[in-house]
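Tertiary structure, described
Residues per chain are reported as follows:
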Amino acid sequence: MQSRPNVAFLASHNGSNMRAIVAACRAGTLNVNPVVLISNNAGSGAVAWARDNGLKSYHISATSEGTEAAADASIVATLRRHKADLVVMAGYMRKLGPETLAAFAGRILNVHPALLPKYGGKGMYGRFVHEAVLKSGDTETGVTIHLVDGEYDHGPVVVQVPVLVQPGDTVEALTARVQAKEQELFPETLRRIVSGEIDLDQIAPAS
Ligand code: GAR
């Protein structure tokens, strides 16, 4: 890994993990270079935040580009133009296309608000995950950061940490605790990738 990799973000809603990573960079506690945000949602909080915080952003989706294949090609072109070394999915609710997956194989990280493989897959995102955890009666949930493949919330796990479910937890309370943990874990994981302590090439399946 480069000593100061360029990091691109993909986000659909608030981009809370993007914000935490950029904040860590600006505080001098994380040595990566945030280069661009791509969002499938032009009205997202992530896009507004990027605009207000000097991070270049683009709206790219099947709607803006005409087809899924054109959106895939446009995402790759944008990531290449900004010389992305790592791609961070910070609450990105779309599957990536085959061109993006091939061009950035082993370099795309997703955060999921549960201990995968539990509570992952299509339709399992954001509050739906926490609702399912509370309904199950599980006493533990957590955060997973994993390399991305062509399935939702699927691919080799990089790190996982538990978060305890408290008696009387609501979806809102559990969401807040899990998201606080995500926002510590993602910058810390990037720090460990930059330092070489985590070697993504050892985690990515051989292609
Ligand atoms: C985050 O908790 C992230 O882990 C989750 O969506 C939330 C986005 O929140 N991602 C998934 O569920 C992916 N399957 P945000 O829009 O407030 O940043």
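Right, let's walk through the structure included here. Every chain is numbered on its own, with residues counted from 1 as its sequence reads. It should be noted that, the model being predicted, local features are given only for residues of pLDDT at least 70 and side-chain atom pairs only at 80 or more, the latter also being counted only at that level, while totals for whole chains, interfaces and linings use all residues. To obtain the side-chain values, all non-hydrogen atoms of the structure were included, while hydrogens and water were left out.

**Section: the overall build of the chain**
- Secondary structure elements are defined from DSSP: runs of H or I of at least 4 residues count as helices, runs of E of at least 2 residues count as strands, and each element is numbered from the N terminus. Summing up its helical and strand segments, the chain has 8 helices and 7 strands in all.
- C-alpha atoms define the radius of gyration in this analysis, and the globule rule sets the expected value at 2.2 Å times the number of residues to the power 0.38. Radius of gyration (C-alpha) of the chain: 16 Å, near the 17 Å computed for a compact globule of 207 residues.
- Along the longest, intermediate and shortest principal axes, the C-alpha atoms of the chain span 50 × 40 × 40 Å.
- The contact definition used throughout considers only heavy atoms, calling two residues in contact when any of these lie within 4.5 Å. A fraction of 66% describes how many contacts in the chain between residues 6 or more apart in sequence connect residues 24 or more apart.
- Of the roughly 9700 Å² that the chain leaves accessible, carbon and sulfur atoms contribute 51%.
- Computed over 19 positive and 20 negative side-chain charges, the separation of the two mean positions in the chain equals 6 Å. For the area figures, the Shrake-Rupley method with a 1.4 Å probe applies, and any residue is considered shielded solely by the protein chains shown. Note on charges: Lys and Arg go in the positive column, Asp and Glu in the negative column, and His and the chain ends are not counted at all. To locate a charge, take atom NZ for lysine, CZ for arginine, CG for aspartate or CD for glutamate.

**Quick look at unusual backbone geometry**
- Along the chain, Leu 116 connects to Pro 117 via a cis peptide bond; the corresponding omega equals 10 degrees.
- You can see Pro 117 is positioned in the loop between strand E5 (108-112) and helix H6 (127-136).
- Positive phi, close to 60 degrees, is recorded for Tyr 119, a residue that is not glycine.
- By the secondary structure assignment, Tyr 119 is in the loop between E5 and H6.
- Judged by relative accessible area, which is 18%, Tyr 119 ranks as buried. Relative accessibility decides the category of a residue: with a 1.4 Å probe and only protein chains considered, values under 20% of the type maximum give buried, values over 50% give exposed, and everything between is partly exposed.

**Comments concerning the site of the ligand**
- Close contacts around the ligand come from 15 residues, with Asn 14, Ser 16, His 112, Asp 153 and Glu 182 the closest.
- The definition of a polar contact used here is a pair of N or O atoms within 3.5 Å, where within protein one atom must be able to donate a hydrogen and the other to accept one, and adjacent residues in sequence count solely through side-chain atom pairs. Gly 15 is positioned such that a nitrogen or oxygen atom in its backbone is 3.3 Å from an oxygen atom of the ligand.
- The contact in question runs from an oxygen atom of the ligand to an N or O atom on the backbone of Val 111, over 3.5 Å.
- Starting from 450 Å² of accessible surface for the ligand in isolation, the protein chains cover 93%. We define proximity as follows: a residue is near a molecule or strand when any one of its heavy atoms falls within 4 Å of that partner.

**Looking at the layout of surface pockets**
- Considered as a void within the structure, the largest pocket measures approximately 660 Å³ in volume.
- Both site types are read off a 1 Å grid over the protein atoms alone. A 1.4 Å probe that fits but cannot get out defines a cavity, while an open set with protein on both sides within 12 Å along at least five of seven lines defines a pocket; lining residues have an atom within 4 Å of a point. Contributing to the lining of the largest pocket are 35 residues, with Gly 91, Tyr 92, Met 93, Tyr 125 and Gly 126 lying nearest its centre.
- The set of elements that each furnish at least two residues to the lining of the largest pocket consists of helix H1 (16-26), E5, H6 and helix H7 (171-195). Grid points are joined across faces, edges and corners, and a volume is the space filled by probe spheres set on the points.

**Thoughts on the packing of aromatic side chains**
- What counts as a ring pair is set by centres within 6.5 Å for rings of Phe, Tyr and Trp (its six-membered ring), and what kind of pair is set by the plane angle: stacked under 30 degrees, edge-to-face over 60, tilted for all other angles. Under the definition given, this model contains 1 aromatic pair.
- Ring centres of Tyr 125 and Phe 128 lie 5.2 Å apart, and the angle between their planes is 80 degrees; this geometry places the pair in the edge-to-face category.
- The exposure class assigned to Phe 128 is partly exposed, which follows from its relative accessible area of 38%.

**Focus on the packing of H1 against H7**
- Two elements in contact, H1 and H7, have axes whose closest approach is 9 Å; the angle formed by their N-to-C orientations is 50 degrees. Regarding the angle of H1 to H7, the classification is oblique. Two packed elements cross with a definite hand, and for H1 against H7 that hand is right-handed. The residues of H7 that touch H1, namely those facing Ser 16, Asn 17, Ala 20, Ile 21 and Ala 24, are Gln 179, Glu 182, Gln 183, Phe 186, Pro 187, Leu 190 and Arg 191. To obtain an axis, a line is fitted to C-alpha atoms, over the contacting stretch when the element is a helix, and the angle between two such axes runs from 0 to 180 degrees between their N-to-C directions. Here the angle decides the label: under 35 degrees means roughly parallel, over 145 means roughly antiparallel, 65 to 115 means roughly perpendicular, and every other value means oblique. We call a crossing left-handed when the near helix sits turned anticlockwise from the far one by less than a right angle, and right-handed when that turn is clockwise.

**Focus on the environment of Val 7**
- Relative to the helices and strands, Val 7 resides in strand E1 (residues 6-10).
- Spatially, the C-alpha atom of Val 7 lies 5.8 Å from that of Val 35, the residues being 28 residues apart in sequence.
- Not counting residues up to four positions away in its chain, the partners in contact with Val 7 are Val 32, Asn 33, Pro 34, Val 35, Val 36, Leu 86 and Val 88.

**Some thoughts on the pairing of strand E4 (residues 86-89)**
- Taking every second residue as pointing to the same face, both faces of E4 are buried, with Leu 86 and Val 88 on one and Val 87 and Met 89 on the other.
- Judged from the 4 bridges that link them, E1 and E4 form a sheet pairing that is parallel. Of the residues in E4, the one forming a bridge with Ala 8 is Val 87.
- The pairing of E4 with E5 spans 3 bridges and is parallel. Within E5, the residue paired with Met 89 across the bridge is Asn 110. Should DSSP find at least two bridges between two strands, the strands are taken to pair.

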